[in-house]
Amino acid sequence: MYFFLSNLSVTDIGLSTTVVPKILKNTLFKDTSVSLLECAIQMHFHLAFGAIECLILAIMAYDRFAAICKPLHYNTIMSKKMCISMATASWIASFINSMIHVIYTFQMSFCHSHHVNHFFCEVPAFLQISCSDTWLHEVAMYISAGAFASLSFFLTLISYMHILPTILKINSSDGRYKALSTCASHIIVVTLYYGTIMLLYLRPHSQSSPDIDNAISILYSAVTPMLNPIIYSVRNKDVKGTIRKNLFKNVLQS
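Being a predicted model, the structure only gives us computed values, none of them experimental. Residue indices follow the written sequence of each chain, beginning from 1 at its first position. Totals for whole chains, interfaces and linings use all residues, but because this is a predicted model, local features are given only for residues with pLDDT of at least 70 and pairs of side-chain atoms are given and counted only at 80 or more. With hydrogens and water excluded, all non-hydrogen atoms of the structure serve as input to the side-chain values.

A.B. asks: Give me the overall build of the chain: which residues, what numbers.
C.D. replies: A run of H or I in DSSP becomes a helix once it reaches four residues, and a run of E becomes a strand once it reaches two; helices and strands are each numbered from the N terminus. When helices and strands are counted, the chain shows ten helices and zero strands. Starting at the N terminus, the α and β elements of the chain follow one another as α-α-α-α-α-α-α-α-α-α. If one aligns the C-alpha atoms of the chain with their principal axes, the spans along those axes are about 65 × 50 × 35 Å. Only protein chains enter the calculation, and the probe is 1.4 Å; a residue is then buried if its accessible area is under 20% of its type maximum, exposed if over 50%, and partly exposed in between. Residue burial in the chain is summarised as follows: out of 254 residues, 43% are buried. We call two residues contacting when some pair of their heavy atoms lies within 4.5 Å. Sequence-distant contacts in the chain: of pairs separated by 6 or more residues, those separated by 24 or more amount to 76%. Throughout, the Shrake-Rupley method with a 1.4 Å probe supplies accessible areas, and for residues the shown protein chains are the sole cover considered. Per element, the accessible surface of the chain, about 14,200 Å² overall, is 69% carbon and sulfur. Once the 17 positive and 12 negative side-chain charges of the chain are each reduced to a mean point, those two points are 18 Å apart. The positive count covers Lys and Arg only, the negative count covers Asp and Glu only, and His and the chain ends enter neither. The atoms used to mark charge sites are NZ of Lys, CZ of Arg, CG of Asp and CD of Glu.

A.B. asks: Please give an account of the state of the cysteines that cites residues and values.
C.D. replies: Two cysteine sulfurs form what is called a disulfide whenever their separation falls within 2.5 Å. Applying the stated criterion across every chain, the model contains one disulfide. Cysteine 183 provides the cysteine sulfur closest to cysteine 54, a residue in no disulfide bond, and the two sulfurs are 19 Å apart. Between cysteine 83, a free cysteine, and cysteine 183, which holds the nearest cysteine sulfur, the sulfur-to-sulfur gap is 16 Å.

A.B. asks: Go over the side chain of threonine 156, please, and point to the residues and values.
C.D. replies: Examined against the element boundaries, threonine 156 turns out to sit in helix α7 (residues 135–168). Side-chain polar atoms of threonine 156 contact the backbone oxygen of serine 152, separated by 2.8 Å. In protein, a polar contact requires one atom able to donate a hydrogen and another able to accept it; more generally it is a pair of N or O atoms within 3.5 Å, and residues adjacent in sequence count only if both atoms are side-chain atoms.

A.B. asks: Can you tell me about the packing of aromatic side chains, naming the residues and giving the values?
C.D. replies: Pairs were defined over the aromatic rings of Phe, Tyr and Trp, the Trp ring being its six-membered one, requiring ring centres within 6.5 Å. Orientation was assigned from the angle between planes: stacked under 30 degrees, edge-to-face over 60, tilted for the rest. What the rule picks out here adds up to ten aromatic pairs. Considering the side-chain rings of phenylalanine 3 and phenylalanine 4, the 5.2 Å spacing of their centres and the 70° angle between planes classify their relative orientation as edge-to-face. Using a relative accessible area of 34% as the deciding quantity, one classes phenylalanine 3 as partly exposed. The class for phenylalanine 4 is buried, based on a relative accessible area of 1%. Here the aromatic cluster, defined as three or more aromatic residues joined through ring pairs, consists of Phe45, Phe49, Trp91 and Phe95.

A.B. asks: Just give me the short version of the packing of helix α3 (residues 36–69) against helix α5 (residues 80–105), but keep the residues and values in it.
C.D. replies: The axes are straight lines fitted to the C-alpha atoms, using for helices just the contacting stretch, and the angles between their N-to-C directions are given from 0 to 180°. For the pair α3 and α5, the least separation of the axes is 8 Å and the interaxial angle reads 145°. Judged by the sense of rotation from one axis to the other, the crossing of α3 with α5 is right-handed. Listed contacts from α5 to Ala40, Met43, His44, Phe45, Leu47, Ala48, Phe49, Ala51, Ile52, Leu55, Ile56 and Ile59 of α3 are Met86, Ser90, Trp91, Ser94, Phe95, Ser98, Met99, His101, Val102 and Thr105. Polar here means any residue other than Ala, Val, Leu, Ile, Met, Phe, Trp, Tyr, Cys and Pro, which are nonpolar, and Asp, Glu, Lys and Arg, which are charged; Gly is therefore polar. The residue inventory of the contact of α3 with α5, partitioned by class, reads 16 nonpolar, six polar and no charged. By convention, the crossing between two helices is left-handed when the near helix turns anticlockwise from the far helix through less than a right angle, and right-handed when the turn is clockwise.

A.B. asks: Let's hear about helix α1 (residues 2–17): which residues, and what values?
C.D. replies: Taking 1.5 Å of rise per residue, the 16 residues of α1 would be expected to cover 22 Å, and the 22 Å separating its terminal C-alpha atoms lies within 8% of that figure. Within the span of α1, buried status applies to Phe4, Leu5, Asn7, Leu8, Thr11, Asp12, Gly14, Leu15 and Ser16. Every helix has an expected span of 1.5 Å times one less than the residues it contains.

A.B. asks: Go over the confidence of the model for the chain, please, and point to the residues and values.
C.D. replies: A residue's pLDDT is the confidence the predictor assigns to it, expressed on a 0 to 100 scale. Confidence in the prediction of the chain, expressed as mean pLDDT, is 81, and 90% of residues score 70 or more. At the level of individual helices and strands, the chain shows its lowest average pLDDT in helix α10 (residues 237–253), which scores 70, and its highest in α5, which scores 91.

A.B. asks: Let's hear about the nonpolar core: which residues, and what values?
C.D. replies: One recurring pattern in soluble globular proteins: nonpolar side chains tend to sit buried together. For our purposes a nonpolar core is just a set of buried Ala, Val, Leu, Ile, Met, Phe, Trp, Tyr and Cys residues, chained together by side-chain atoms within 4.5 Å. Grouped together as the largest cluster of nonpolar side chains are 25 residues, with contacts concentrated most on Phe4, Leu8, Leu57, Met60, Met78 and Tyr193. Of all the secondary-structure elements, those providing two or more residues to this core are α1, α3, α5, α8 (173–201) and α9 (210–235). Take this core: its biggest share by element is eight residues, from α3. Every residue in contact with leucine 57, bar those within four places of it in the chain, is listed here: Leu8, Thr156, His186, Val189, Val190, Tyr193 and Tyr194. Among the nonpolar cores identified, the runner-up in size contains 13 residues, and Leu47, Phe110, Val123 and Ile129 belong to it.

As structure tokens, this is what we get:
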């Protein structure tokens, strides 16, 4: 679990780092321009880290399934080699997918305007200013979102469809609480992240609104990654124990 949490932490740091510094720069300075190369790099890493987060969350759900539903076989199912292989495959597949989208996006024509009505470089914002036929690109975006976001979400649901009945069969109330507490943080993070992703990428282009799209993008690019460590820390008994211990120590010293 902690191996995948470390992957999720690195992904959250990367997702925020690709967006927040540029937003701060545009807020503090009057020059809000961005070079073509800088925009392509930002879009590439933002898409890649977003896809990695989807896959890592799905793998974490499977990890909880193995721990709760197959406890005696957990070390065999989730061996060190298997964990590293799944994490590596997630990173490689996400970066390849991102590269394809970036190349395809910057091959479109932008004859009407070069003004991107967004906080950062993202595919939906570029579709709105392109004078090319964006139908094929929209289809590719939906397929990609379906392959990464929707498929990962459904795999997560399938894992929890097996986890919840197993938890309910536990006779001990302490055992049920312990099992649920290991899943609660993950469920909250999944709900926040997938909700915003699907609202942005699986909505028809004709129904999109720049203001709404911008707000949703900020939510899953900056706000959600910031909340993830807080959510996992609050739900982790070791972290809570350390906080209580330090607070009690500070109170005694004061």
